[in-house]
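As a plain string of letters, each chain reads:
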Amino acid sequence: MGSLDMSVLSSFGGIIRENQSLAPFTWLQIGGSTRYLVEPNDEQQLIATVQCCAAATIPMRVLGGGSNLLLRESGFDGATFSLTSPAFGQMRRVDNAIVCGAGAKLSHLIAFSVGAGLGGLEHLIGIPGTVGGALRCNAGTDDGDIGHVVHSAKLLTKDGKVVEVRGAELAFSHRVSSLDELVILEATFYLEPGEIRGLTKREQTFWIVKRSKQPSFPERAAIAFVDPDGYKASELLQQSGFNGAIEGAVRLSSSYPNYLFTSDGATSTQVLTLLERVRNGVQDRTGVQLQLHLQIW
Ligand SMILES: Cc1cc2nc3c(=O)[nH]c(=O)nc-3n(C[C@H](O)[C@H](O)[C@H](O)COP(=O)(O)OP(=O)(O)OC[C@H]3O[C@@H](n4cnc5c(N)ncnc54)[C@H](O)[C@@H]3O)c2cc1C
């Protein structure tokens, strides 16, 4: 792996920072640093910096809202791109569709669609993070996932080329998406026209349901496992006696066992040790193999 030379660093002054801790960018607030943190102001700068990293064979990753990420203490010896600039969070209505930048918060997209009288995203209320993260993880609830309403997506490849995917090129299954190019830039959602008052009511009802299914104060939290086909991960954890399980400064919730919490002194090693112990225990006791919901960096 190479390095970015001084001329690149100075020409992108301010948007590329070296050796930055990523822990504050994640909900679990643990883990190491990235060699370069890149925060482009717009798509043009994003493309130019991706091309510089590609030319220097620097590995690249994209950070969303950090609500589904576990960072190892060893950090990431590469470039982490963050799309927090407003340029990446623009939304516009086109007939019955909404075109939304991947850097927008998912909650903002839902509010925008309800306000525009377009339904189909309300059930996703309460899921933290960005539209890009939701698309990559195919975020959803028992009432459906985000992939159901995606019509097309604009992506940036690791060589810095912009491509559009639609139709059969899009595949979404339970918490899995085919949108696996380096960066999801934007997506178009096909939605159903509806009355704003009715959509607002639906959104409020879904929010009440969502809150009843998760801890009241989910700071420094993450969802541990994906629900396996035909099961609820939380029920399997409860049946196997892992609710409230602890490893160092990491614990599973007692009341909502599929939620993991970290506190001061927690490490990614403790998280991984706990998840492995729990996964093996659930398999021994129920025969079901749990898959991680958290993405490990
Ligand atoms: C309290 C709480 C409740 C939750 N409830 C739910 C729920 O009901 N349903 C559910 O499905 N999930 C839930 N989650 C998990 C999490 O919120 C979702 O997976 C969310 O969609 C992740 O989005 P993010 O922006 O935080 O992504 P991040 O955690 O930042 O990243 C996740 C992955 O997406 C990739 N990524 C992010 N943005 C982009 C982009 N623009 N281009 C390419 N790749 C990108 C990252 O590289 C990473 O691999 C919950 C989490 C918490 C803490």
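Please refer to the structure higher up on the page.
Every value quoted in this text rests on a predicted model; they were computed, and no experiment measured them.

Visitor: In this structure, what is going on with the overall build of the protein? I would like to understand it.
Guide: Helix and strand content of the protein: 7 helices and 21 strands. For 297 residues, the compact-globule estimate of 2.2 N^0.38 gives 19 Å, and the protein sits close to it at 20 Å. When the backbone C-alpha atoms are referred to their principal axes, the protein occupies close to 55 × 50 × 35 Å. Of all 297 residues assigned to the protein, the portion counted as buried reaches 40%. Put simply, 66% of the contacts in the protein that link residues at least 6 apart link residues at least 24 apart.

Visitor: Help me understand the site of the ligand in this model?
Guide: Neighbouring the ligand are 32 residues; G64, G65, G129, G132 and G133 lie closest to it. The set of elements that each furnish at least two residues to the shell around the ligand consists of β3 (60-63), α4 (131-137), β9 (140-141), β15 (183-190) and β17 (221-223). No other element matches α4, which puts 5 residues into the shell around the ligand. Among the residues forming the shell around the ligand, the class breakdown is 17 nonpolar, 13 polar and 2 charged.

Visitor: Explain the pairing of strand β6 (residues 91-94) here, please?
Guide: Each regular strand carries side chains that alternate between the two faces of the sheet. In this sheet, strand β7 (residues 97-101) lies alongside β6 in antiparallel orientation, the contact comprising 4 bridges. Note that in β7 the partner of R93 across the bridge is I98. Hairpin connection between β6 and β7: a loop of 2 residues separates the two successive antiparallel strands, and D95 in this loop has a positive phi of roughly 55°.

Visitor: I tried to follow the environment of D77 on my own but got confused; where do I start?
Guide: Mapped onto the fold, D77 is located in strand β5 (residues 76-82). The partly exposed category is assigned to D77, around which 13 C-beta atoms lie within 10 Å. Sequence separation of D77 and V8 is 69 residues, and the distance between their C-alpha atoms is 18 Å. The contacts of D77, once residues within four sequence positions are left out, are M1 and R35.

Visitor: Any chance you could explain the packing of helix α3 (residues 106-115) against helix α5 (residues 196-212) here in plain terms?
Guide: Each packed pair of helices is defined by two parameters, the angle between the axes and the distance between the axes. Where α3 contacts α5, the two axes come as close as 8 Å, and the packing angle between them is 150°. The angle between α3 and α5 falls in the class roughly antiparallel. Facing α3, whose interface residues are I110, V114 and G115, α5 presents I196, L199, T200 and E203. In terms of residue class, the contact of α3 with α5 is made up of 4 nonpolar, 2 polar and 1 charged.

Visitor: Sorry, what's going on with the nonpolar core here?
Guide: Nonpolar side chains tend to gather and get buried jointly when the protein is soluble and globular. V131, L135, I184 and A187 are the most contacted members of the largest nonpolar core, which totals 79 residues. Setting aside chain neighbours within four positions, we find V131 in contact with C100, A102, A104, L106, L109 and A187.

What counts and how
Residues numbered from 1 in each chain as written. Predicted model: local features only at pLDDT ≥ 70, side-chain atom pairs only at ≥ 80, totals over all residues. Helix = DSSP H or I, 4+ residues; strand = E, 2+ residues; numbered from the N terminus. Rg over C-alpha atoms; globule rule 2.2 N^0.38 Å. Buried ≥ 20, exposed ≤ 12 C-beta atoms within 10 Å, placed from the backbone. Contact = placed C-beta atoms within 7 Å. Near = placed C-beta within 6 Å. Nonpolar A, V, L, I, M, F, W, Y, C, P; charged D, E, K, R; others polar. Pairing = 2+ DSSP bridges. Axes fitted to C-alpha atoms, helices over the stretch in contact; angles between N-to-C directions. Parallel < 35°, antiparallel > 145°, perpendicular 65-115°, else oblique. Core = buried A, V, L, I, M, F, W, Y, C linked by C-beta atoms within 7 Å.

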